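One-letter residues, chain by chain:
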Amino acid sequence: MAIAYDIAMKEAEPELDGSAPVVVAEDLRKTFGSHNVLNGINLSVNRGETLAVLGRSGTGKSVLLRLIIGLETPDSGSIRIHGQNIVGLALDRMGEIRKKMGFLFQHAALYDSLTVAENVAFPLVHHRKDMSGSERGERVKQLLAEVGMEGNLAKMPSDISGGMQKRVGLARALALEPEILLLDEPTAGLDPISSGEIDDLILKLQRERQMASIVVTHDLHSARTIANSLALLDQGNVVIEGTFEDLQESGIGFVKEFLKQS
Ligand SMILES: Nc1ncnc2c1ncn2[C@@H]1O[C@H](COP(=O)(O)OP(=O)(O)O)[C@@H](O)[C@H]1O
Ligand SMILES: [Mg+2]
């Protein structure tokens, strides 16, 4: 018993090697009813790197992010965060690990009934109980300045543009100083100029903060701008992973077709 417990504890111990990947998913499978959404996904992201996950609508990109955040459980496979498998982890432990993750959802990027400042303060109110109100206010201002939104503290989400909402969502995602940033379609629904601005902002934040980032997108141009590595999903599999040049040089029919249509 004691030995088994020791081994279990060792497995739960995060790896401390700084060069180890921050997020590693192995053979992830997820089915809803009879629908196989993910059929054995492998991916890995290092500190300071951005992986873009590309693919058509309905290929399981959002499901993949939800698995990494721990909002869904895979049928099989593992997700290691700093070496620790989060699959099947107790809720309180998962809560601790989730604090290291900043995320921006595809829809409902902000709480409609809260001001811009209250939206960004939200994670701090819940997870940084050590902070005083004035410290929190300062932090919110800093975060909003970082995304170019310092002049909009009292506005409601409905009073600002889609691009500005994404900026505020990014500021909120950064509130707890995450080591991992997960963005689901950060430029979807934006005009090309606003999309470009969000891409530039993501690049800037990534340079400054050196997070391990995964950005889900169906926008190849955006992926090419912000990511070191691109993974193209189809029918629950990673068809190819590599640089944009690797994708361009690929002889795989699906990859050629995707590039032609994007
Ligand atoms: N909670 C769920 N229950 C049932 N089916 C789901 C659920 N979440 C996602 N799906 C299905 O999984 C597939 C992939 O969804 P999603 O990851 O949202 O695709 P996308 O690549 O567009 O982000 C879709 O067919 C979707 O309907
Ligand atoms: Mg999606």
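Note on numbering: residues in each chain are counted from 1, in written sequence order. Starting at A for chains and at 1 for ligands, labels are handed out in the order in which the entities are written. Local features in this predicted model are restricted to residues of pLDDT 70 or higher, and side-chain atom pairs are both shown and tallied only at a pLDDT of 80 or more, whereas totals for entire chains, interfaces and linings draw on every residue.

K.L.:
Break down the packing of helix H6 (residues 162-174) against helix H7 (residues 192-209) for me, citing the residues and quoting the values.
P.N.:
Following both chains from N to C, one finds H6 and H7 inclined at 15°, their axes separated by 10 Å at the closest point. Taken as axis vectors, H6 and H7 run roughly parallel relative to one another. You can see that H6 and H7 cross each other, and the crossing is right-handed. Contact with H6, carried on its side by Gly162, Gly163, Lys166, Arg167, Leu170 and Leu174, involves Ser194, Glu197, Ile198, Leu201 and Leu205 of H7 and no other residues of that element. Axis lines are fitted to C-alpha atoms, over the contacting stretch for helices. Their N-to-C directions set the angle, which ranges from 0 to 180 degrees. Helix numbers and strand numbers start at the N terminus; a helix is a DSSP run of H or I with at least 4 residues, a strand a run of E with at least 2. Our angle categories are set so that under 35 degrees counts as roughly parallel, over 145 as roughly antiparallel, 65 to 115 as roughly perpendicular, and the remainder as oblique. For any pair of crossing helices, the crossing counts as left-handed if the nearer helix is rotated counterclockwise from the farther one by less than a right angle, and right-handed if it is rotated clockwise. Contact between two residues is assigned when their C-beta atoms, built from the backbone, lie within 7 Å.

K.L.:
Kindly report on the packing of helix H4 (residues 116-127) against H6, identifying the contributing residues and their values.
P.N.:
Direction vectors running N to C along H4 and H6 enclose 25°, while the axes themselves pass 7 Å from each other. On the basis of the axis angle, H4 is roughly parallel to H6. In terms of crossing hand, the pair formed by H4 and H6 is right-handed. Facing H4, whose interface residues are Val116, Asn119, Val120, Phe122 and Pro123, H6 presents Val168, Ala171 and Arg172. We call Asp, Glu, Lys and Arg charged. Ala, Val, Leu, Ile, Met, Phe, Trp, Tyr, Cys and Pro are nonpolar, and the rest, Gly among them, are polar. Residues of the contact of H4 with H6, tallied by class, amount to six nonpolar, one polar and one charged.

K.L.:
Now, about the sheet that holds strand S2 (residues 35-45): what can you tell me, with residues and values included?
P.N.:
By definition, two strands form a pair when at least two bridges between them are found by DSSP. Pairing in this open sheet of four strands is antiparallel, and the strands run S2-S1-S4-S5 from one edge to the other. The open sheet is flanked by S2 and strand S5 (84-85), the only strands paired with a single partner. Where strand S1 (residues 23-32) meets strand S4 (residues 76-81), five bridges bridge the pair, whose relative direction is antiparallel. Along S4, the bridge assignment pairs Ala25 with Ile79.

K.L.:
Lay out the site of ligand 1 in plain terms, naming residues and giving numbers.
P.N.:
Throughout this description, a residue near a molecule or strand is one whose C-beta atom, derived from the backbone, lies within 6 Å of it. Close contacts around ligand 1 come from Phe32, Val37, Gly55, Ser57, Gly58, Thr59, Gly60, Lys61, Ser62 and Val63, and that covers them all. Per-element accounting of the shell around ligand 1 gives the leading share, three residues, to helix H2 (residues 61-69). Class assignment of the residues belonging to the shell around ligand 1 gives a composition of three nonpolar, six polar and one charged.

K.L.:
Please set out unusual backbone geometry residue by residue, giving values where relevant.
P.N.:
A positive phi angle, near 50°, is found at Asp27, a position not held by glycine. Take Asp27: it is sitting in strand S1.

K.L.:
Which residues make up the environment of Val22, and what are the values?
P.N.:
Within the secondary structure, Val22 sits in the loop between helix H1 (2-12) and S1. C-alpha of Val22 to C-alpha of Gly83: the two residues are 61 residues apart in sequence and 7.4 Å apart in space. Excluding residues that lie within four positions of it along the chain, Val22 makes contacts with Val45, Asn46, Arg47, Ile81, His82, Glu179, Ile180 and Ala212.

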